Amino acid sequence: MKHFAVAVIATLMLTGCGDDAPSSNTETSPGGIDYVRLYIPEAEVVAIQIAWPTDWPLREDANQAVPYIGADLILAGGAEGFPAREVVEMFADLQVTGRLSVTSDSVLGSLVAPEENLKKAVEIANAHLRAPLLEKRWFEEIQQGFAANMAEASAATAHQGFAAVRWAVLGDVPLRRALSVDPPEQITSVTPEDVAQWHRETIVRKDAKVVIAGAIDADQAGAAIDDLFVGLPEAGVRVATTHSTDFTPRHILLHMPDSQTSTLFFVAPMPPTREGSEFEDIILVSALGEGKESVLFEAVRTQLRATYGLSAHLDAYVRDTRFLYFGGEVETAKLAQAATVVREAYASFREAGPPQGFLESLKGPFVAQSKKTAADPVAASTSALMALLDDQDPSVALDLASELDRVTSETLRQRLANAFPAAQDFIIVAVSSDADALPNACVISEPRDVLDCQ
């Protein structure tokens, strides 16, 4: 599950001054719905972001393919007063964008419209959230398309490698089945009735996190929120669910005799974003494995004499189960050497920190981008929603430049020492046609076989 703040940080550093400056306000609509309003002067659109909490991916008795199909079907399958697929053309005519997506924690809704078209956009969106038709024809089209996409993705070596990591860390639990959409029979066994149940239990009024952003006052915002939520069930069905993880370091080789390339990944846990220091993490991961100037790219190019590069990323299974991973495709004959080079490069990076001048060079582009996007309600509302999901102050979306200013070489060094995993703490997973390519690894032929690796 991606942390969505990472994807938008470069466009979120909103600044302002004077009497008509951007502001953050926590308000309650006349209908009793709590929301955050980001007032952004001169904004040309209004953006509404919603996160409905969900426990579906942790339920033992749930089909974990249902939310993926349901999120697409609700908007595509018609609604009371709107024939199937009509919403696509209507939104285009109104210059409106709307979508639903799912993570392991939430169902995310987004609606963006010019202020003059907001009322109509909200009316259309409400009809699809409140009374979707879930027409069978469109259900079958979405189901078949999803099955085809997953079949294609699962053939990739990287996909199989990540599947093996999920088996290792999570085991055979609903969350793993939700993230991997495995077994694939989950998709073909979904019924429209399953989607209807998921919809009833998830798209409700209670406990949703809501942000609205734009040049809009409290009366307008409250009315729009109430109109969007009108007619939805008051509360859904929630059951007590938990999950555990096992990040015990181990070496694993998934043997795929027909694979044309070999893939190497390092994976280890990281603290959740709700604990802070996310800017430090983003900067450090950029220095480690983003671009031709990164530590991993330089190590692979100089020591392996390779033209390819490895990349580094942050991700999460659920919001509080976050991890660092880095790697990529490597030559099969050099896989063992690559594992050593990468581990040593990371160990040196953790001890020494980013190259001199890296922090200053990265801050500049962030600040420059902030000046271009200071009036972007879509980016600001997304950032504020992520803050709410981390139980943080959503007003941070309007002052991320100040958050960035607090990052120093010293805070980076402290973060590396206190939060980033040691070099020996990683799960190392290789996918290769050569079963002997990674010495001392537990060799498996299917991702689930990793459960037998000690």
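Residues numbered from 1 in each chain as written. Predicted model: local features only at pLDDT ≥ 70, side-chain atom pairs only at ≥ 80, totals over all residues. Heavy atoms only, no water.

**Considering the environment of Q356**
Our working rule: For helices the rule is a DSSP run of H or I covering at least 4 residues; for strands it is a run of E covering at least 2, with both sets numbered from the N terminus onward.
Relative to the helices and strands, Q356 resides in the loop between α13 (335-352) and α14 (358-372). Taking the C-alpha atoms as reference points, Q356 and S409, separated by 53 residues in sequence, lie 9.1 Å from one another.

**Details of the state of the cysteines**
Under the convention used in this document: Disulfides are defined as pairs of cysteine sulfur atoms found within 2.5 Å of each other.
Inspection of every chain in the model, using the stated rule, returns 1 disulfide. At a sulfur-sulfur separation of 2.0 Å, the disulfide partner of C442 is C453. Looking along the S-S bond of the C442-C453 disulfide, the torsion reads about -75°, which is the left-handed sense. Taken together, the positions of C442 in strand β12 (residues 442-444) and C453 in the segment after β12 put the pair 11 residues apart, joining distant regions of the chain.

**Overview of the packing of helix α2 (residues 66-76) against helix α9 (residues 192-202)**
What counts here: Where helices are involved, their axes are fitted lines through C-alpha atoms of the stretch in contact, as for all axes, and angles between N-to-C directions lie from 0 to 180°. Throughout, the term roughly parallel applies to angles under 35 degrees, roughly antiparallel to angles over 145, roughly perpendicular to angles from 65 to 115, and oblique to all others. Note on definitions: a residue-residue contact is assigned when non-hydrogen atoms from the two residues lie within 4.5 Å. When residues are sorted by character, Ala, Val, Leu, Ile, Met, Phe, Trp, Tyr, Cys and Pro go into the nonpolar class, Asp, Glu, Lys and Arg into the charged class, and all the rest, Gly among them, into the polar class.
The interhelical angle for the contact between α2 and α9, taken along N-to-C directions, is 80°, at an axis separation of 9 Å. Our classification of the angle between α2 and α9 gives roughly perpendicular. Contacts between α2 and α9 involve V66, P67, I69, G70, A71, L73 and I74 from the former and D194, V195, W198 and H199 from the latter. Broken down by class, the residue content of the contact of α2 with α9 amounts to 8 nonpolar, 2 polar and 1 charged.

**Describing the sheet that holds strand β5 (residues 106-114)**
As a reminder of what qualifies: Strand pairing follows a simple DSSP-based rule, namely that at least 2 bridges must link the two strands.
Read across the sheet, 6 strands follow the order β1-β2-β6-β3-β5-β4 without closing on themselves; strand pairing throughout is mixed. Both outer strands of the open sheet, β1 (23-28) and β4 (97-102), are each paired with one neighbouring strand and no more. For this sheet, the mean angle separating the axes of adjacent strands, direction not counted, is 15°. Direction of pairing for strand β3 (residues 45-53) relative to β5: antiparallel, over a ladder of 9 bridges.

**Observations concerning the packing of helix α11 (residues 278-289) against helix α17 (residues 409-418)**
Where α11 contacts α17, the two axes come as close as 10 Å, and the packing angle between them is 85°. In terms of orientation, α11 and α17 fall into the roughly perpendicular class. Each of E280, D281, I283 and L284 in α11 lies in contact with α17, whose residues at this interface are T411, L412, R415 and L416.

Everything listed here is a matter of geometry and, on its own, says nothing about what the molecule does.
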